[in-house]
Structures are given as C-alpha cells and as structure tokens.
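Report on the structure
In case you want the letters, here they are:
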Amino acid sequence: MQVVDPHLHFWALGQGNQPWLEHPAANLLGDYTPMARDFGPQTLLEERGDIELLGLVHVEADAVNPIAETQWLTGELAEHDKLNWALVVGVDLSQPDAQVQLEKQCALSERVRGVRQILNVHSDPLYDYVGRHYMQEPLWRENFAQLARLGLSFDLQIYPSQMAQASALAARHPETQFVLNHAGMYVDRQGVEGWRAWRDGMRLLAAQNNIAVKLSGFGMLDHHWTMGSIRPLILESLDAFGTKRCLFASNYPVDGLYARYADIWHAYAEVIADANKKEQHALFVGNAQRIYRL
C-alpha cells in the first residue's frame, strides 16, 4: 500500500526539546507515557508494516526551541535519501520577532513548506491547549500575513467552536494555503449539538477554496475508535471538501497510542473502498504531494 504521510512527529528525548513528553500531564490523549520514547525516521520505517512510504511531512511537535527542532530534523531526514520529505515548522506568531523566526526557519532548509501553531481553545481544561484566542490578537494577525510573502502554508489545528473565525481568516488571506488538522477535531460528543457544530463548521471552512483537510488524529478524541465511529467523520469531510482537498494522514506516533501504523492506513482504505482509483490516489498520495510540494 503506497502513501504519502502528511502528518508525522519525530523527537529525541535526550535533546530536552519536548518536556511535555518527559513529564506527562493529564490531557485529551489519556495516558501517553508509551509515547515517551525516541522516535525518528528509522523507527517509523521499522514500524510501518506493509505500508510503502513515498513521502512524508513532519509537523512541529511542540518543541521548546523550534529552530533546534528544524536543525535536528534536517540532519535526521537527510540520512534517508530515499524518502521525499518536507517540514511544517513551529513559529509563535504572537511574538514581536515572529517575522525574524519565520525567515530563520526558511533559511535552515529548502524543505520548509509551512507553519503550524496550535490554536485549540476549550472551556474544559482537559481539552484546552493554549488558553488564548490567537486569531483575535492584532500582532498575531499581522505576523500571520507574512506567510504568503514567504510562500508558506498554515496547518490549522482548532476545535469546531473556532471554525467560523478560521473561515474568516482564510477569506482574508486567499493566497495562503490552509490545512485543517485532524478532521476539525470533533471534540464535544455528548448529544446532537456537538455533531451539528462540527458539521456546520466544516461546511464553513470548505466554502473557502484555500482550505484543505487532513483526515487524521481520530484516536485522540476517540481512544477506542472503530470503523463505525470514524466512517461518518471521513465521509462527511469528503462530502464537504471533495476528494481534491482531503488527504489521509497517520498522526503517528500520537495515534500509535490507539492503533498500529499499518492498521490506521488500512482502515482508511476500507472506508473509501468504493472510490475510484484516481480518487484513492489523490487521497493517499497526490493531494499531499501537491499541497506540500513534494
């Protein structure tokens, strides 16, 4: 089975760049202590099963020092000359020196394709990532506008309650490619209102042609997911965005807490088994190659 995986995380704990892994605290992932191990490209290749990786995109992994993370990744990935890879790096766009940091990241590697800054805000502390509404902050918005100048995409990680605001942001920046992470993170699952909020928010985002969506991360909010539980989310996303703006991803090793690497990909394949070959290739390979310029 051939895939381009557009959402992976690597780390080496000895660098001290991911203290959240070394000192686990309660959050939406549940007990993530099994993830507190070195995980790099070689480990991925050893754990991939029957999946043939045609390419991959590393997405920033909440590093204390994003510049050091990019430097390390560039060295690690350069050792695997058969892998086609790209980087989505971390930059805090709320900081006064964000423009300088963006330029530094781009100078480190020609493989830098985009930026991610997690934006998830929730009233329940278990699900709240950042505790502030970055998209409302003038300095954040000013720095965000620099992405287009540098030819960078933006990986958008939000909850449904933030989708209307994110849709408006995308409308103001039509020249910037947005990639919604983890199928919009359907978080409020008690009752029909949570489903409606997610569904309607996804339609708002899909109305902006510069937004694509990664179908990934289902285990983070559904630790015991089944084919029956992920199928509606995948099919609804496909209905909203179409096969040209959806891309499957593993979110490994985070979603490795809940399923093996190959099992994740084969589950996706089963959900879309009725799609034609062209659509399947787009969802597993072509869209990721186009969006991240692999």
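Below, the structure is looked at part by part. Since we're looking at a predicted model, the values are computed, not measured.

1. Structural notes on the overall build of the protein chain
A tally of helices and strands in the protein chain yields 12 helices and 8 strands. Relative to the 2.2 N^0.38 estimate, which gives 19 Å for 294 residues, the radius of gyration of the protein chain is 18 Å and therefore close to what a compact globule would have. Its C-alpha atoms give the protein chain principal-axis dimensions of roughly 45 × 40 × 40 Å. The buried share of the protein chain, reckoned over its 294 residues, is 55%. By sequence separation, contacts in the protein chain at least 24 residues apart represent 78% of the contacts at least 6 residues apart. As displayed, the protein chain has an accessible area near 12400 Å², and 49% of this comes from carbon and sulfur atoms. Each charge class in the protein chain can be summarised by its mean position, and for the 24 positive and 35 negative side chains these summaries are 8 Å apart.

2. Describing the sheet that holds strand 6 (residues 178-180)
The strand order 1-2-3-4-5-6-7-8 describes an open sheet built from 8 strands, whose pairing is parallel. Two strands close off the open sheet at either side, each with one partner strand: strand 1 (2-8) and strand 8 (246-248). Ignoring strand direction, the axes of neighbouring strands in this sheet form an average angle of 25 degrees. Relative to strand 8, strand 7 (residues 211-215) runs parallel, the two sharing 3 bridges. The residue of strand 8 that forms the bridge with Lys214 is Leu247.

3. Thoughts on the nonpolar core
Formed by 98 residues in total, the largest nonpolar core has its most connected members in Phe154 and Ile234. The residues contacting Ile234, other than those within four sequence positions of it, are Leu215, Phe218, Phe248, Tyr268, Val271 and Ile272.

4. Description of helix 3 (residues 66-78)
What sets the pattern is the α-helix's 3.6 residues per turn: residues three or four places apart point alike. Taking 1.5 Å as the rise per residue, helix 3 with 13 residues should run 18 Å; its terminal C-alpha atoms sit 18 Å apart, in good agreement. For helix 3, the complete set of buried residues consists of Ile67, Glu69, Thr70, Trp72, Leu73 and Leu77. In this structure, the buried side of helix 3 is in contact with helix 2 (41-47), strand 2 (52-59), strand 3 (85-90) and helix 4 (98-108).

5. Focus: the pairing of strand 4 (residues 112-116)
Among the 5 residues that make up strand 4, 5 are buried, leaving the element largely enclosed by the rest of the structure. Here 4 bridges tie strand 3 to strand 4, and the two strands are oriented parallel to one another. Its bridge partner being in strand 4, Val89 is matched across the sheet by Val115. A crossover connection joins strand 3 to the parallel strand 4 through helix 4; in handedness this β-α-β unit is right-handed. Examined bridge by bridge, strand 4 and strand 5 (residues 153-156) share 3 bridges and lie parallel to one another. Within strand 5, the position partnered with Val115 by the bridge is Phe154.

6. Here we look at unusual backbone geometry
The peptide bond linking Tyr252 to Pro253 adopts the cis configuration, its omega dihedral lying at 5 degrees. Topologically, Pro253 is positioned in the loop between strand 8 and helix 11 (261-271).

7. Thoughts on the environment of Arg111
Relative to the elements of secondary structure, Arg111 occurs in the loop between helix 4 and strand 4. By relative accessible area, Arg111 is classed as partly exposed at 24%. In sequence terms Arg111 and Ala86 are 25 residues apart; their C-alpha atoms lie 4.8 Å from each other. Non-local contacts of Arg111, meaning those with residues more than four positions away in its chain, are made with Asn84, Trp85, Ala86 and Leu87. For Arg111, the side chain forms a polar contact with the main-chain oxygen of Trp85, separated by 3.0 Å.

Conventions we followed
Residues numbered from 1 in each chain as written. Predicted model: local features only at pLDDT ≥ 70, side-chain atom pairs only at ≥ 80, totals over all residues. Heavy atoms only, no water. Helix = DSSP H or I, 4+ residues; strand = E, 2+ residues; numbered from the N terminus. Rg over C-alpha atoms; globule rule 2.2 N^0.38 Å. Buried < 20%, exposed > 50% of the residue type's maximum accessible area, 1.4 Å probe, protein only. Contact = heavy atoms within 4.5 Å. Areas by Shrake-Rupley, 256 points an atom, 1.4 Å probe, with all protein chains shown as cover. Lys, Arg positive; Asp, Glu negative; His and termini not counted. Charge placed at Lys NZ, Arg CZ, Asp CG, Glu CD. Pairing = 2+ DSSP bridges. Axes fitted to C-alpha atoms, helices over the stretch in contact; angles between N-to-C directions. Core = buried A, V, L, I, M, F, W, Y, C linked by side-chain atoms within 4.5 Å. Expected span 1.5 Å × (residues − 1). Right-handed = clockwise from strand over helix to strand, strands pointing away. Polar contact = N/O pair within 3.5 Å; in protein donor to acceptor, adjacent residues only side chain to side chain.

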